[in-house]
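# Results of the structural survey
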Amino acid sequence: MCKRALQYPQVETPPPQPFLISLKNTLNEILFADDPFRKIRNESKTSKKIELGLRHMFPILEWARGYNLEYLKSDVISGITIASLAIPQGISYAQLANLPPILGLYSSFVPPMVYAIMGSSRDLAVGTVAVASLLTAAMLGKEVNAVENPKLYLHLAFTATFFAGLMQTCLGLLRLGFLVEILSHAAIIGFMAGAATVVCLQQLKGLLGLSHFTHSTDVISVLRSIFSQSHMWRWESGLLGCCFLFFLLTTKYISKKRPKLFWISAMAPLVSVIFGSLFVYFLHAQFHGIQIIGELKKGINPPSITHLAFTSPYVTLALKTGIITGVLALAEGIAVGRSFAMYKNYNIDGNKEMIAFGMMNILGSFSSCYLTTGPFSRSAVNYNAGCKTAVSNVVMAVAVAVTLLFLTPLFFYTPLVVLSSIIIAAMLGLVDYEAAMHLWRLDKFDFFVCLSAFFGVVFGTIEIGLILSVGISVLRLLLFVGRPKICVMGNIQNTEIYRNIEQYPQATAVSGLIILHIDGPIYFANSSYLRDRIGRWIDEEEEKLRKSEENSLQYIILDLSAVGNIDTSGISMLEEVNKILGRRDLKLVIANPGAEVMKKLSKSKFIESIGKDWMHLTVAEAVSACDYMLHTAKPDSQEKISGVPEFNNV
């Protein structure tokens, strides 16, 4: 035992807690990390608690109290601006999902109204998105042909939207939003870029005026389908499409260079639809290879709750489609909402956003809408237009309703090639080259994750790309947990500070001991690795000391300051390490264990096995105690026993 002349404060073990209280605290930390009910809990009056609860559930009750005429003016301008973008985009994305074009307008009416009541973002503009539309078409189209059986296909799209909304609502209510974050930022960049590439290639059908096209989404199948029908290409359609695409890209470039002119790119899709329709109408281009939308039904959303298909064999298909598209929609919508909230210095509640997305998709599925979320392009326009609250979504919905009631006949002559141009122009913005290059400079593994997701989508399918994205993200997570960093620490001269000697080359090792810093929790997944790695460090240090004929190694200090938790496998590993070191006349010393670690070590009797005097608050105290022992009270057997096997061979 170390009967030290220098006395330091002992490492304390936290007082024991009843199991139920400990479980409650753990669940609170996992599910309610932001403590959303603290205002309600601290209020004494029941009426006030009810009011705060309603304001928590319906954010509109929070911001509506301070709403004024100035806000209304800004929101009306923003709402009309995003409506000019939502109308042509909605029609285009519905076409991409192989759904009737009118559904794109329906989906820009009911869901934004619901989000305005329940959503916590001031800047998010709700609507359909291209990637989810393409994924819906790809997954449903595998088993149901939208041309041969349009009614069943439509009903399955509504059912998939219902399941997506149900899943989103459940995740929000159960506070399980962290499950959506399993997709890393790098995986999302690659997946979105791959999906955007696939969407752009799919639009070559519309640009070239083709009637028949492959249902596959991989680049090889799409290119084969295009070039095998080269004799059917319509130059009129291609020329018109290229002209509108050039116009749309030019307006985007202008708006990017001059942010104050954001409205130019926002209005460009609607202007394209208007001029394209006039072109077809006056020149009778529909008789010369230019395909048109045709008739759109007048009137607001008809009910579709009776059209939900819960019967086999298609309910499984709808459920799978709903879950996958719902997760993607959540990831995109929450990421977009948080990015704009950061710009305006306010917070959004991810779990409340999930409930809002879920409810708007559930109610949307009851009113002839398909999957909606918060697309970046529309939200960026909303933000740049100066929106103040979610009322901009209400204004957009009213504008769409007016269009549905009175203006749909005007879209009869809208050429499909214009819709293809609108989709391509929107999708090119999702291919973020700068973000990919930033990943390359910052983290090569993240760049590999990004490329894997991209190539999985482009050369496989969107599902393969999504599986690769999730799989590699999980693999990265397992690598972080299963292979925590462990480094040797040295002393920075004239201080009591100990740091990684690779990061601080000026830090010097302490004679007779080695300090190892474990940078992460110790679990069953990494305990064997840590045992082997600790052994390797010790073997290498002893070999180095033998060659240099310096003092032999006596003490192994483990710095556990970064070890937040430890399980039974980790404790078994420490016990094994301690026994092996004991057989080699080496002493294990623990520095700076946290509260959770101390509780486990105390209950397992590990502290008794190494001695409480060998548990220290800081690395400096541990080094001081070891140094004292080296110079005054050396271990019983100072000389190393010859023939003792190396650590990893014991």
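Rules and cut-offs
- Residues numbered from 1 in each chain as written.
- Predicted model: local features only at pLDDT ≥ 70, side-chain atom pairs only at ≥ 80, totals over all residues.
- Heavy atoms only, no water.
- Helix = DSSP H or I, 4+ residues; strand = E, 2+ residues; numbered from the N terminus.
- Areas by Shrake-Rupley, 256 points an atom, 1.4 Å probe, with all protein chains shown as cover.
- Lys, Arg positive; Asp, Glu negative; His and termini not counted.
- Charge placed at Lys NZ, Arg CZ, Asp CG, Glu CD.
- UniProt positions renumbered as here; feature names shortened; annotations may be inferred.
- Buried < 20%, exposed > 50% of the residue type's maximum accessible area, 1.4 Å probe, protein only.
- Pairing = 2+ DSSP bridges.
- Contact = heavy atoms within 4.5 Å.
- Axes fitted to C-alpha atoms, helices over the stretch in contact; angles between N-to-C directions.
- Domains from an automatic or database assignment.
- Core = buried A, V, L, I, M, F, W, Y, C linked by side-chain atoms within 4.5 Å.
- Parallel < 35°, antiparallel > 145°, perpendicular 65-115°, else oblique.
- Left-handed = near helix turned anticlockwise from the far one by under 90°.
- Nonpolar A, V, L, I, M, F, W, Y, C, P; charged D, E, K, R; others polar.
- Salt bridge = Lys/Arg side-chain N within 4 Å of Asp/Glu carboxyl O.
- Phe/Tyr/Trp six-rings, centres within 6.5 Å; stacked < 30°, edge-to-face > 60°.
- Expected span 1.5 Å × (residues − 1).
- Bend = angle between axes of the 7 residues up to and from the residue.
- Polar contact = N/O pair within 3.5 Å; in protein donor to acceptor, adjacent residues only side chain to side chain.
- Right-handed = clockwise from strand over helix to strand, strands pointing away.

### Side note on the overall build of the protein
A count of helices and strands for the protein gives 27 helices and six strands. Principal-axis analysis of the C-alpha atoms gives the protein an extent of 105 × 70 × 55 Å. On the protein, roughly 31300 Å² of surface is accessible, and the fraction owed to carbon and sulfur atoms is 63%. Separation of charge centres in the protein, based on 55 positive and 48 negative side chains, amounts to 8 Å.

### Comments concerning the UniProt feature "domain: STAS" (unreviewed entry) in the protein
When the UniProt feature table is mapped to this numbering, "domain: STAS" (unreviewed entry) covers residues 503-626. Taken as a whole, residues 503-626 contains 48% helix and 15% strand, while its terminal C-alpha atoms sit 24 Å from one another.

### Comments concerning unusual backbone geometry
Notably, D585 is not glycine yet its phi reads approximately 60 degrees, a positive angle. Among the structural elements, D585 can be located in the loop between α24 (568-583) and β5 (587-591). Backbone geometry places N592, a non-glycine residue, at a positive phi of 55 degrees. You can see N592 is positioned in the loop between β5 and α25 (595-603). Overall, N592 belongs to the partly exposed group, its relative accessible area being 33%.

### Quick look at the sheet that holds strand β6 (residues 615-616)
Backbone hydrogen bonds are what pair the strands of a sheet, in a parallel or an antiparallel way. Strand order in the open sheet formed by six strands is β2-β1-β3-β4-β5-β6, and the pairing between neighbours is mixed. Only two strands of the sheet have a single partner each, and these edge strands are β2 (498-500) and β6. Strand direction decides the pairing type here: strand β3 (residues 513-519) and strand β4 (residues 555-559), joined by five bridges, are parallel. Its bridge partner being in β4, H517 is matched across the sheet by D559. The sheet strands contacting helix α23 (residues 527-548) are β1 (485-491), β3 and β4, and the helix crosses β3 at an angle near 155 degrees.

### Focus: the domain arrangement of the protein
Per the domain assignment, the segments making up the protein are domain 1 (84-477) and domain 2 (484-648). A separation of 55 Å is found between the C-alpha centroids of domain 1 and domain 2.

### Topic: the nonpolar core
Core analysis: the largest hydrophobic core is formed by 116 residues, its most contacted members being I91, L99, L103, L156, F191 and M427. Top element by residues in this core is helix α10 (residues 185-202). It accounts for 11 residues. Here L103 is in contact with L154, F158, S368 and Y370, once residues within four sequence places are set aside. Counting 49 residues, the second-largest nonpolar core is a separate cluster that includes L558, V597, F606 and I607.

### Structural notes on the environment of H288
Position of H288 among the secondary structure elements: in the loop between α14 (262-283) and α15 (315-343). In sequence terms H288 and L204 are 84 residues apart; their C-alpha atoms lie 18 Å from each other. Non-local contacts of H288, meaning those with residues more than four positions away in its chain, are made with R234, E236 and L283.

### Observations concerning the packing of α15 against helix α17 (residues 376-384)
Running from amino to carboxyl end, α15 crosses α17 at an angle of 20 degrees, the nearest separation of the two axes being 10 Å. By the criterion of interaxial angle, the relationship of α15 to α17 is roughly parallel. Crossing of α15 against α17: the hand is right-handed. Across the interface between the two elements, E332, V336, F340 and Y343 of α15 pack against F376, S379, A380 and Y383 of α17. Broken down by class, the residue content of the contact of α15 with α17 amounts to six nonpolar, one polar and one charged.

### Brief notes about the pairing of β1
If a strand is regular, its side chains alternate between the two faces of the sheet. Along β1, six of the seven residues are buried, which leaves the element largely enclosed by surrounding structure. Bridging between β1 and β2 involves three bridges; their strand directions are antiparallel. Residue M489 lies in a different strand from β2, and its bridge partner there is N500. What sits between the antiparallel neighbours β1 and β2 is a turn of six residues, in which N494 has the positive phi angle 65 degrees.

### A few points about the pattern of salt bridges
In the structure shown here, the tally under the stated rule is 14 salt bridges. The partner of R584 in a salt bridge is D539, with the nearest N and O atoms 3.3 Å apart. Here D539 lies in helix α23 and R584 lies in the loop between α24 and β5, a separation of 45 residues in the sequence. R584 sits in the buried class, given a relative accessible area of 8%. Overlapping salt bridges, with partners in common, bring together R55, E62 and R65 in one network.

### Quick notes on the packing of aromatic side chains
All told, the structure shown has 20 aromatic pairs when counted by the stated rule. Their ring planes at 45 degrees and their centres at 5.8 Å tell us that Y343 and Y383 sit as a pair that is tilted. Residue Y343 is found in helix α15, and its partner Y383 is found in helix α17; the two are separated by 40 residues along the sequence. Between W440 and F447, the ring centres sit 5.1 Å apart and the planes meet at 70 degrees, which makes this aromatic pair edge-to-face. Relative accessible area serves as the criterion here: at 16%, F447 is assigned to the buried category.

### Let's talk about the packing of helix α9 (residues 150-173) against α15
Between two packed helices, what matters for the description is the angle formed by their axes and the separation of those axes. α15 packs onto α9 with a crossing angle of 55 degrees between their chain directions and a minimal axis gap of 7 Å. Comparing the axis directions of α9 and α15 gives the class oblique. Like other packed secondary-structure pairs, α9 and α15 cross with a definite hand, here right-handed. Contact with α9, carried on its side by L156, T159, A160, F163, A164, M167, Q168 and L171, involves V315, L317, A318, L319, T321, G322, I323, T325, G326, V327, A329 and L330 of α15 and no other residues of that element. For the contact of α9 with α15, the per-class residue count stands at 14 nonpolar, six polar and no charged.

### Side note on α14
Its 22 residues place the ends of α14 32 Å apart at the C-alpha level, agreeing with the 32 Å of an ideal helix rising 1.5 Å per residue. The largest bend in α14 is about 40 degrees, located at A268, with the proline P269 one to four residues further on. Among all positions in α14, only F262, S265, A266, A268, P269, S272, V273, G276, S277 and V280 are buried. Tucked into the core, α14 has its buried residues touching α5 (69-96), α13 (235-257), α17 and α19 (416-428).

### Observations regarding the environment of H517
Assignment of secondary structure puts H517 in strand β3. When the C-alpha positions of H517 and K599 are compared, they lie 20 Å apart, and in sequence the two are 82 residues distant. Setting aside residues no more than four positions away along its own chain, H517 makes contact with K485, I486, C487, M489, D559, S561 and A562. For H517, the side chain forms a polar contact with the side chain of D559, separated by 2.7 Å.

### Some details on the pairing of β5
In terms of burial, β5 is a largely internal element, four of the five residues being buried. Regarding topology, α24 serves as the crossover connection from β4 to the parallel β5, and that connection is right-handed. Where β5 meets β6, two bridges bridge the pair, whose relative direction is parallel. Bridged to I590 within β6 is M615.

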